[in-house]
Amino acid sequence: ITAGQLLDSAMLTSTSTLRPGTVAVGASLAAGRMPSSGLEPGDVVQLVRVDGATGVVLVPDALVSSWRSQDGGGMGGSGGVTVTFIVDETQGAEIATVAAAGDLAAVLVSRGEPIEER
């Protein structure tokens, strides 16, 4: 949380989403790199590398932990979003690298239950 940032209850949870063997990876997703309906904490997504003509599924079942708009708007804002994904610790470095290159997309697999209910 940065100085002066408003705190929203959606940013809080009483349970840890990290389990032994998992890591939290932050990724900036450009507009068009996720469903237009947005993502919510608890959703399960495929994380896909989209460099070139074909996509490659890197993680079939990443958990969405949280998100934040990059332009101050909602999830569907034109500036994209920053999302925190929970993935297996063996996948963390690759997801971070692909995200940093701007080649990551999220494909919704299932709407999950809110994180605090897990």
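Let me sum up the structure you'll find in this document. (Residues numbered from 1 in each chain as written. Predicted model: local features only at pLDDT ≥ 70, side-chain atom pairs only at ≥ 80, totals over all residues. Heavy atoms only, no water.)

Topic: the sheet that holds strand β2 (residues 44-49)
The antiparallel open sheet is built from five strands, whose spatial order is β1-β4-β3-β2-β5. Each of the sheet's edge strands pairs with one partner strand only, and the pair in question is β1 (22-29) and β5 (104-110). Sheet twist, expressed as the average angle between the axes of neighbouring strands with direction ignored, equals 40°. Of the strand pairs in this sheet, strand β3 (residues 56-69) and strand β4 (residues 81-88) are connected by six bridges, and their pairing is antiparallel. Note on β4: the bridge partner recorded for Arg68 is Thr82. (Pairing = 2+ DSSP bridges. Helix = DSSP H or I, 4+ residues; strand = E, 2+ residues; numbered from the N terminus. Axes fitted to C-alpha atoms, helices over the stretch in contact; angles between N-to-C directions.)

Re helix α1 (residues 92-100)
Buried within α1 we find Gly92, Ile95, Val98 and Ala99. Projection of α1 onto a plane perpendicular to its axis shows the buried side chains occupying an angular sector of 135°, all on one side. Facing away from the buried side of α1 by over 90 degrees, the exposed positions are Ala93, Thr97 and Ala100. Where the residues of α1 are buried, they touch β1, β2, β3, β4 and β5. Backbone geometry just after α1 places Gly102 at a positive phi near 80°. (Buried < 20%, exposed > 50% of the residue type's maximum accessible area, 1.4 Å probe, protein only. Arc of directions from axis to C-beta. Contact = heavy atoms within 4.5 Å.)

What about the pattern of salt bridges?
Overall, the coordinates contain two salt bridges when judged by the stated rule. In this structure, Asp43 engages Arg111 in a salt bridge whose closest nitrogen and oxygen atoms are separated by 2.5 Å. Remark: Arg111 occurs in the segment after β5 and Asp43 occurs in the loop between β1 and β2; sequence separation between them is 68 residues. The class for Arg111 is partly exposed, based on a relative accessible area of 43%. A salt bridge links Arg49 to Glu94; its shortest N-O distance comes to 2.9 Å. (Salt bridge = Lys/Arg side-chain N within 4 Å of Asp/Glu carboxyl O.)

Overview of the environment of Pro60
Looking at the secondary structure, you find Pro60 in strand β3. Between the C-alpha atom of Pro60 and that of Ala106, which follows or precedes it by 46 residues, the distance is 10.0 Å. Those residues in contact with Pro60 that sit more than four places away from it in its chain are Val45, Gln46 and Val109.

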